[in-house]
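Report on the structure
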Amino acid sequence: MTPESYAPEHFAWQYDHGVATITLSRPERKNPLTFDSYAELRDLFRALADAPEVKAVIVTGAGGNFCSGGDVHEIIGPLTKMDMPGLLRFTRMTGDLVKAMRACPQPVIAAIDGVCAGAGAIMAMASDIRIATPRAKTAFLFTRVGLAGCDMGACAILPRLIGQGRASELLFTGRTMSAEEGERWGFHNRLVDPDALLADATTLARSLADGPNFAHGMTKTQLNAEWAVSLDVAIEMEAQAQAICMQTADFTRAYDAFAARSVPVFEGN
């Protein structure tokens, strides 16, 4: 993909000097997802693996809300009429969005205001960092529509963010987690004023984009890979990963800048 010319059909895209901002943009319906927007988001995050110009990604929503989940009329209704093979194609496709978000090398920042529900809560969960406003209301509400809480990786990822007991409560009850709870439990990294949300997320994204991008990608790879290995294996994986990073020019640039008492300018190689 070419970030400068990329033009999605189902959400807004802005690219500025290494920072890409994805804005879910159906504010009149609190930015729900459709079959098409799911697929386009999945394809975008897959393509980001081959877009080294993009150094950091922000995901946010328009009109004071993040995302209300799957569109009731455009997704939920049709699902009630699908056969099992069609349903499995859909659930695998939505899970592929989470896989793509986790697999892309760029840090992904969710900037969350207002409603963050269902698949919207999953997208926030799948991001690397979450910044929210006090108005954020996050709900994994699948049980409220007769479904299991085990959707799009929630039973694997959410307990790692907030703990097994808290995740169990949210996934069994489908209740709303307040912004204050989310920050206290570690789901949100911090809360900011609504007027400052996008600026705060952009400042963080810019600082990450200006950092050692190859090393950031390695960090994300290891955060994913070390979920299911022993401590001994994790330490060996990190020894190999860090040795690779020590061969990069960015590592040398950082040393040279330190020796010269200047600020390093990283180039991602």
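So, a few notes on the structure that sits alongside this text. (Residues numbered from 1 in each chain as written. Predicted model: local features only at pLDDT ≥ 70, side-chain atom pairs only at ≥ 80, totals over all residues. Heavy atoms only, no water.)

Next up on the list: the pairing of strand β6 (residues 129–132). Sheet faces and side chains relate simply in a regular strand, where the side chains alternate between the two faces. Of the two faces of β6, both are covered, the one formed by I129 and I131 as well as the one formed by R130 and A132. Note: strand β4 (residues 108–112) against β6, four bridges, orientation parallel. Residue pairing across strands places A111 opposite I131, the latter belonging to β6. Here β6 pairs with strand β9 (residues 190–191) via two bridges, running parallel. Across the sheet, the residue bridging to A132 is L191, located in β9. (Buried < 20%, exposed > 50% of the residue type's maximum accessible area, 1.4 Å probe, protein only. Helix = DSSP H or I, 4+ residues; strand = E, 2+ residues; numbered from the N terminus. Pairing = 2+ DSSP bridges.)

Once that is clear, we can look at the environment of H188. On the secondary structure map, H188 appears in the loop between α7 (179–185) and β9. Between the alpha carbons of H188 and A124 there is a distance of 9.3 Å; along the sequence they are 64 residues apart. Apart from residues lying up to four places away in sequence, H188 is in contact with I112, R130, A132, A136, T138, A179, G182 and E183. (Contact = heavy atoms within 4.5 Å.)

Direction vectors running N to C along helix α9 (residues 213–225) and helix α10 (residues 231–245) enclose 170°, while the axes themselves pass 10 Å from each other. Here α10 runs roughly antiparallel to α9, going by the angle between their axes. Between α9 and α10, the residues in contact are F214, A215, M218, Q222 and A225 and M237, E238, A241, I244 and C245, respectively. For the contact of α9 with α10, a count of residues per class yields eight nonpolar, one polar and one charged. (Axes fitted to C-alpha atoms, helices over the stretch in contact; angles between N-to-C directions. Parallel < 35°, antiparallel > 145°, perpendicular 65-115°, else oblique. Nonpolar A, V, L, I, M, F, W, Y, C, P; charged D, E, K, R; others polar.)

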